[in-house]
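Per-entry structural report
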Amino acid sequence: MSSRKRYWLMKSEPDAFSIDDLQKVGVEPWNGVRNYQARNHMRQMQVGDGVLFYHSSCAIPAIVGIAKVASVAYPDPTQFDPKSDYFDAKSTHEEPRWSLVDVAFERKLKRAIPLEEIKQHADALGEGFALTQRGSRLSVSPVSAAQWKLLLSLE
DNA sequence: GCCAACGTTGGC
DNA sequence: GCCAACGTTGGC
């Protein structure tokens, strides 16, 4: 039994990993998330959930594409790798602290939807939307069906 | 490069 | 358990 499809927003710095990179590899394990809230969101994900792919920390921050959740959450292997930037000495195989999901490319938007434009719809998006919430730095956050629909209508 | 917002750490 | 210090995020 799987529950209804949900929607998410995932941020990435295009210098590190862009929508074009995702298109090239097809599927990417979303490793390196070291924030409990973001981790908890990934643990709620179901295969097939929709993902808005957002470029942050760049010239024009924008939603640039759509991806799909391609796996349920599983332990992020980088937490066990002492050579990784994401190594966490306090995490154990018995009780892994950090999780990830696989993310699959679906398509790029016909045009990127810049943050500047998204902000103009802050009222319609409502209070629960990460990008229009003051000071929100969460890299993985939920998106309602209504927000998803509104944002894609701007495309 | 600046700075506001926020999470985490660690001393007490 | 409080809270100051510090680090990180991310828009501008």
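The residue numbers shown here count from 1 along each chain, following its written sequence. Key to labels: chains lettered from A, ligands numbered from 1, both in the order written. In keeping with the model being predicted, local features are shown solely for residues with a pLDDT of at least 70 and side-chain atom pairs are shown and tallied solely at 80 or more, while totals for entire chains, interfaces and linings include all residues. Note that water and hydrogens are dropped before the side-chain values are worked out from all heavy atoms of the structure.

Some remarks on the protein's contact with DNA strand B
Nearness of a residue to a molecule or strand requires only that one of the residue's heavy atoms be within 4 Å of it. Taken together, the residues surrounding DNA strand B are Y36, R134, G135 and R137. Close to the protein, within 4 Å, the atoms of DNA strand B belong to sugar or phosphate groups at a rate of 73%. Interatomic distance of 2.7 Å between a side-chain N/O atom of R137 and a base oxygen of DNA strand B. Any N or O atom pair separated by 3.5 Å or less is treated as a polar contact, with the protein-specific requirement of one donor-capable and one acceptor-capable atom, and with residues adjacent in sequence counted only for side-chain atom pairs.

Section: the sheet that holds strand β2 (residues 27–29)
Criterion used throughout: strands pair if DSSP finds at least two bridges between them. Every helix listed is a DSSP run of H or I at least four residues long, and every strand listed is a run of E at least two residues long, numbered separately from the N terminus. If you walk across this open sheet you meet the six strands as β2-β7-β4-β3-β1-β8, and the pairing is mixed. The open sheet has two edge strands, β2 and β8 (140–143), and neither has a second partner. On average, each strand axis in the sheet is tilted by 35° relative to the strand beside it, whichever way the strands run. The sheet contact formed by strand β3 (residues 50–55) and strand β4 (residues 62–69) spans six bridges and is antiparallel. Bridge assignment links Y54 to a residue of β4, and that residue is I63. We call two residues contacting when some pair of their heavy atoms lies within 4.5 Å. Convention adopted: a line fitted to C-alpha atoms gives each axis, helices being fitted over their contacting stretch, and angles between N-to-C directions are expressed from 0 to 180 degrees. The sheet contacts of helix α2 (residues 36–43) involve β1 (7–12) and β8, and relative to β8 the element is tilted by about 50°. Set on the sheet, helix α5 (residues 145–153) makes contact with β1, β3, β4, β7 (102–114) and β8; between it and β3 the angle comes to about 55°.

Points about the protein's contact with DNA strand C
Surrounding DNA strand C, one finds K11, Y54, S56, S57, P61, L115, K119 and R137. In DNA strand C, atoms within 4 Å of the protein come from the sugar-phosphate backbone in 77% of cases. One of the side-chain N or O atoms of Y54 is found 2.7 Å from a phosphate oxygen in DNA strand C. Looking at the surface near DNA strand C residue by residue, the classes come out as three nonpolar, two polar and three charged. Only Asp, Glu, Lys and Arg are considered charged in this grouping, and only Ala, Val, Leu, Ile, Met, Phe, Trp, Tyr, Cys and Pro are considered nonpolar; every other residue, Gly among them, is considered polar.

A closer look at the layout of surface pockets
Space inside the largest pocket adds up to approximately 370 Å³. Those elements that provide at least two residues to the lining of the largest pocket are β1 and β2. Grouping the amino acids of the lining of the largest pocket by side-chain chemistry returns six nonpolar, five polar and three charged. The way it works is a 1 Å grid over only the protein atoms, where trapped points that fit a 1.4 Å probe form a cavity and open points with protein on both sides within 12 Å along at least five of seven lines form a pocket, and then any residue with an atom within 4 Å of a point lines it. Grid points are joined across faces, edges and corners, and a volume is the space filled by probe spheres set on the points.

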